[in-house]
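Commentary on secondary and tertiary structure
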Amino acid sequence: MKKQYYFDHAATTPVDDRVVEAMLPYFHAAFANPSGSYTFAEDIQDAVNDARKQAAQFIHASESEIYFTSGGTESDNWALRGVMLANGQKGKHLVTSAIEHHAILNTCHFLEEHGYQVSYLPVRPNGFVSPSELKKAIRDDTVLVSIMFANNEIGTIEPIRELAMVAHAKGAFFHTDAVQAFGHLPIHVNELGIDLLSASAHKFYGPKGVGILYKRDSVSIDPLIFGGSQEKNLRAGTSHVTGIVGLGAAVRCCAADLSRRMHRETALRNHMIRRLTREIPNVKINGDLYRRLPNNISASFGGVEAESLLILLDACGISVSTGSACSAHSDAPSHVLKAIGLSDREARSTIRFTIGDDTTQEDTDYVVEQVKESVKKLRMYSPFYEKRG
Ligand SMILES: *Cc1c(COP(=O)(O)O)cnc(C)c1O
């Protein structure tokens, strides 16, 4: 196979070799259903609980507060529906932001169809949700505030502590979709005031199809999935043991590699941003330049159709995305780029590059060169682009 330049780590990451190694025994030798009452089953339950401990430690929570799910989407659905349903005595109002992932937004739309009210906070041009906007939107009957930790398209890291404080002042719970942040940034749920948090293993070098919901013990929640008594009667279904073990191993690797990876990715990201903005005319980086994920570059190339750029780059073995993977197959311009004030045309000229452990500086240089050439080519044929020089 031709060398792949994978610059879409926000969509998913390859599974770490150490994670595959940890998972293997649980497919065959250690296959028992952990709900069984014999020693064989108890050994598997121990492995599941060890993964729970790893996840809890990463965010400074306790083991009893970690629930395994099928991924980020389920955790987001569960947090919103479960908390709204279980806390109806306080009210039926929820606050979120305009730049959330569709796992949050479409759950909100469902809740609105079923008698709940949702306020969608605007964001500043750099992508920040403002605590003072939250203060204006929050009400006595607000049950839950859900704001993402870091945005999957523009990489912006939100002011979580300040937002959680505003929520708590009105007696509302605070949930954060931390799918892009967990494993990549330090997270301390108590210092930040987070009551619920969603994460997904495949975004941090673990397997697909497994995630966690962290829920502070004092928060009441209704189940989303009904059946057996797994996960303290709150999330039924036979535990996805191989996935859970993989998630635990991935968390352990991320914890060990955290600061090294953050420094490395930040340096590569800044190198790439510098080259893109200096060597290509009319490029705009979206989202705050400093409070952003170490691996994220969102760039708008004036006068270029991102779809065409993506095709030219793909032909050179480069994988990038326009907006998020979840909206890649829809025609609507990204709701996130619209929310930070981009026009439809600017939004449609935007490419997201997300780097990872396997990215080298040579890779970033190759990608910059290919982007440079492709942008030049596309602008030559663009009816919209004012030719210079
Ligand atoms: C990927 C992603 C999700 C969905 O997670 P899955 O595990 O793929 O279901 C939710 N929120 C954000 C911010 C994401 O990036």
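Refer to the structure above for everything that follows.
Everything numeric in this text was worked out from a predicted model, so none of it was measured. (Residues numbered from 1 in each chain as written. Predicted model: local features only at pLDDT ≥ 70, side-chain atom pairs only at ≥ 80, totals over all residues. Heavy atoms only, no water.)

**Section: the site of the ligand**
Definition in use: Near, as used in this document, describes a residue that has one of its heavy atoms within 4 Å of the molecule or strand being considered. Any N or O atom pair separated by 3.5 Å or less is treated as a polar contact, with the protein-specific requirement of one donor-capable and one acceptor-capable atom, and with residues adjacent in sequence counted only for side-chain atom pairs. Surface exposure here means Shrake-Rupley accessible area, sampled with a 1.4 Å probe, where a residue is shielded only by the protein chains that are shown. Every helix listed is a DSSP run of H or I at least four residues long, and every strand listed is a run of E at least two residues long, numbered separately from the N terminus. The nonpolar class holds Ala, Val, Leu, Ile, Met, Phe, Trp, Tyr, Cys and Pro. Asp, Glu, Lys and Arg form the charged class, and all remaining residues, Gly among them, are polar.
Surrounding the ligand, one finds 13 residues, the nearest of these being Thr73, Asp177, Gln180, Ser200 and Lys203. Within the backbone of Gly72, an N or O atom sits 2.8 Å from an oxygen atom of the ligand. A distance of 2.7 Å is found between an oxygen atom of the ligand and a side-chain nitrogen or oxygen belonging to Gln180. Notes on the ligand: free accessible area 380 Å², of which the protein chains cover 88%. A per-element tally of the shell around the ligand places helix α3 (residues 72–86) first, with three residues. The residue makeup of the shell around the ligand, split by class, is two nonpolar, eight polar and three charged.

**Observations regarding the side chain of Arg216**
Using the following cut-off: Residues are treated as being in contact if the distance between any of their heavy atoms lies within 4.5 Å.
Take Arg216: it is sitting in the loop between β8 (211–215) and α8 (230–233). At 3.0 Å, the side chain of Arg216 forms a polar contact with the side chain of Asn190. If we ignore the near neighbours within four places in the chain, the residues touching Arg216 are Glu65, Val189, Asn190, Gly193, Ile194 and Asp195.

**As for the sheet that holds strand β5 (residues 142–146)**
What counts, and what does not: Here a strand pair is declared whenever DSSP counts at least two bridges between the two strands. Every axis in this analysis is a line fitted to C-alpha atoms, fitted for helices over the stretch in contact. Angles between the N-to-C directions lie between 0 and 180 degrees.
Taken in spatial order, the seven strands make up an open sheet running β2-β8-β7-β6-β5-β3-β4, and their pairing is mixed. Two strands lie at the open edges of the sheet, namely β2 (66–69) and β4 (117–121), each paired on one side alone. The sheet shows a mean angle of 20° between the axes of neighbouring strands, taken without regard to direction. In this sheet, β4 lies alongside strand β3 (residues 93–97) in parallel orientation, the contact comprising five bridges. The partner of Thr96 across the bridge, within β4, is Tyr120. Sheet contacts for helix α4 (residues 102–113): β3, β4, β5 and β6 (173–177); angle to β4, the most-contacted strand, approximately 145°. Along the sheet face, helix α6 (residues 160–169) touches β5 and β6 and points at about 150° away from the line of β6.

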